[in-house]
Amino acid sequence: PANKEKGTNKYIWVEFPGMAVADGFLNEYGVAVVSDACNSREDREDFTDGGVLYQVRESVAKYAKSARHAVEIIGKIVTEKGYTGSGRTYVVADCNQGWVCSVVKGRHWIAQRVPDDMVMSIPNYYTIGEIDLSDTSNFLGSPDIISYAQERGWYNPEKDGKFIFKKVYSNPGTYSSYRNAFRHISAMNYITGENYTLNPDTYPFALKPNRKLGLDDMIQILSSHGENIPDNLVRERKTDSHNECICNDRTVCAAIFQLRNYMPVEIGAVMWATAASPCIEAFIP
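Residues numbered from 1 in each chain as written. Predicted model: local features only at pLDDT ≥ 70, side-chain atom pairs only at ≥ 80, totals over all residues. Heavy atoms only, no water.

Asker: Provide a residue-level description of the overall build of the chain, including the pertinent values.
Answerer: Each helix and strand in the chain was counted, giving 11 helices and 9 strands. Rg of the C-alpha trace for the chain: 18 Å, near the compact-globule value of 19 Å for 285 residues, within the 12% margin. C-alpha extents for the chain along the principal axes are approximately 50 × 50 × 35 Å. Every one of the 285 residues in the chain was classed for burial, and the buried ones make up 52%. Expressed as a percentage of contacts within the chain between residues at least 6 apart in sequence, the contacts between residues at least 24 apart total 62%. As displayed, the chain has an accessible area near 13600 Å², and 50% of this comes from carbon and sulfur atoms. (Helix = DSSP H or I, 4+ residues; strand = E, 2+ residues; numbered from the N terminus. Rg over C-alpha atoms; globule rule 2.2 N^0.38 Å. Buried < 20%, exposed > 50% of the residue type's maximum accessible area, 1.4 Å probe, protein only. Contact = heavy atoms within 4.5 Å. Areas by Shrake-Rupley, 256 points an atom, 1.4 Å probe, with all protein chains shown as cover.)

Right, dumping it as structure tokens:
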């Protein structure tokens, strides 16, 4: 349904049943927003007027006119009101750019643009590594993102070397979870054809695919039960990769946002969605 609130964008969305902050939106400017829970190590509460949660993605749908504008909206609302969840990464895109915006409980956030010739995948931990806030074409974020981490004792430049956002701000248990690594490895393997270890320190922010990716590739990735995860990694963790991979027993639906800049946005921006697990359901535009 179109949004009826005066002065805001029209949008459609896919609702993930039973999940309070998982819905995906696509608005009339072809701006798409989805998200991934990413637990942070932040244990302080810093909110104004109750803070924000679902309002973040809803504000992108209502007001954003580009992916970069969406990041600016997220940063502004998180800074002003504070994010009440442990942490989350919002993935936003339009027909020309894709951005990853990671927010931390409270008022800290960092965003990185995905290079035009690369592909980014994310499970449920932060994936942004090195940052450079002076490079405003590719990074946006809280000015004190590094100094705050130093203040909290999470980062010591003399001992730790380069500041790596995902290592510094992630909840250690979430960051080292093999469930997250399995999903990340499966997606990266489909993208590049290469194999990866269970060490997330070695995973790049984005990858160059070994071919041009299309809808069929996205469907295959979203339907993955871990068929492409090396047997030795599965044995190492003594687990059934199906239950821990991208499409599993807890998958309620899936969505793909096809954003084409060589067509008018009314027909160039399409949301494909399933009504259940993507391995058994058709994607409907």
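Asker: Just give me the short version of the sheet that holds strand β1 (residues 11–14), but keep the residues and values in it.
Answerer: The strand order across the open sheet built from 7 strands is β1-β2-β3-β4-β5-β6-β7, with neighbouring strands paired in antiparallel fashion. Because the sheet does not close on itself, it has two edges, and the strands there are β1 and β7 (139–141). Across the sheet, the mean angle separating the axes of adjacent strands is 20° when strand polarity is ignored. Alignment of β1 against strand β2 (residues 24–27), held across 4 bridges, turns out to be antiparallel. Pairing of I12 across the sheet is with L26, part of β2. The strands touched by helix α1 (residues 54–63) are β1, β2, β3 (32–37) and β4 (83–93); relative to β2, the strand with the most contacts, the crossing angle is about 20°. (Pairing = 2+ DSSP bridges. Axes fitted to C-alpha atoms, helices over the stretch in contact; angles between N-to-C directions.)

Asker: Describe the packing of aromatic side chains, naming the residues involved and giving the relevant values.
Answerer: According to the stated counting rule, one finds 14 aromatic pairs in the structure shown. Plain terms: the ring middles of Y83 and Y90 are 6.4 Å apart, the flat faces sit at 90° to each other, and that makes the pair edge-to-face. By the burial criterion, Y83 is buried, and Y90 matches it. Each member of the aromatic cluster is reached from another via a ring pair, and the members are Y126, Y148, W154, Y155, F163, F165 and Y169. (Phe/Tyr/Trp six-rings, centres within 6.5 Å; stacked < 30°, edge-to-face > 60°.)

Asker: Outline the environment of I219, listing residues and values.
Answerer: With respect to the element layout, I219 can be found in helix α8 (residues 215–222). Separated by 66 residues in the primary sequence, I219 and P285 have C-alpha atoms spaced 13 Å apart.

Asker: How would you sum up the nonpolar core? Please name residues and give values.
Answerer: Within soluble globular proteins, side chains that are nonpolar tend to cluster in buried spots. Ranked by internal contacts, the top residues of the largest apolar core, which has 25 residues, are V71, I74, V92, V103 and W109. Of the residues forming this core, the biggest block, 7 residues, is contributed by helix α2 (residues 67–81). Sequence-distant contacts of V71, that is, excluding residues within four places in its chain, are made with V92, W99, C101, W109, A111 and L140. Of all hydrophobic cores here, the second largest spans 22 residues; its members include C38, M120, I122 and F163. (Core = buried A, V, L, I, M, F, W, Y, C linked by side-chain atoms within 4.5 Å.)

Asker: Kindly report on the pairing of β4, identifying the contributing residues and their values.
Answerer: Here β3 pairs with β4 via 6 bridges, running antiparallel. Bridge assignment links A32 to a residue of β4, and that residue is A93. Here 8 bridges tie β4 to strand β5 (residues 98–106), and the two strands are oriented antiparallel to one another. Each bridged residue has a counterpart across the sheet, and for V91 the counterpart in β5 is V100. Hairpin connection between β4 and β5: a loop of 4 residues separates the two successive antiparallel strands.

Asker: Break down empty space enclosed by the protein for me, citing the residues and quoting the values.
Answerer: The final tally for this structure, using the stated rule, is 1 cavity of 30 Å³ or more. Of the volumes computed, that of the largest cavity is approximately 40 Å³. Residue lining of the largest cavity: Y125, Y126, T127, K166, Y175, H184, P200, Y203 and P204, and that is the complete set. Considered class by class, the residues forming the lining of the largest cavity number 6 nonpolar, 2 polar and 1 charged. (1 Å grid on protein atoms, 1.4 Å probe; cavity = no way out; pocket = protein on both sides within 12 Å on 5 of 7 lines; lining within 4 Å. Points joined across faces, edges and corners; volume = space filled by probe spheres on them. Nonpolar A, V, L, I, M, F, W, Y, C, P; charged D, E, K, R; others polar.)

Asker: Just give me the short version of the environment of N138, but keep the residues and values in it.
Answerer: Residue placement: N138 occurs in the loop between β6 (108–114) and β7. Sequence-wise, N138 and M188 are 50 residues apart; in three dimensions their C-alpha atoms are separated by 22 Å. Setting aside residues no more than four positions away along its own chain, N138 makes contact with W99, A111, Q112 and R113. Engagement of the side chain of N138 in a polar contact is seen with the side chain of D135, the distance being 3.0 Å. (Polar contact = N/O pair within 3.5 Å; in protein donor to acceptor, adjacent residues only side chain to side chain.)

Asker: Could you give an account of the state of the cysteines, naming the residues involved and the relevant values?
Answerer: Summed over all chains, the structure comprises 0 disulfides. No disulfide involves C38; its sulfur sits 11 Å from that of C101, the nearest cysteine. We note that C245 lacks a disulfide partner, and the nearest cysteine sulfur, in C247, lies 8.8 Å from it. (Disulfide = S-S within 2.5 Å.)

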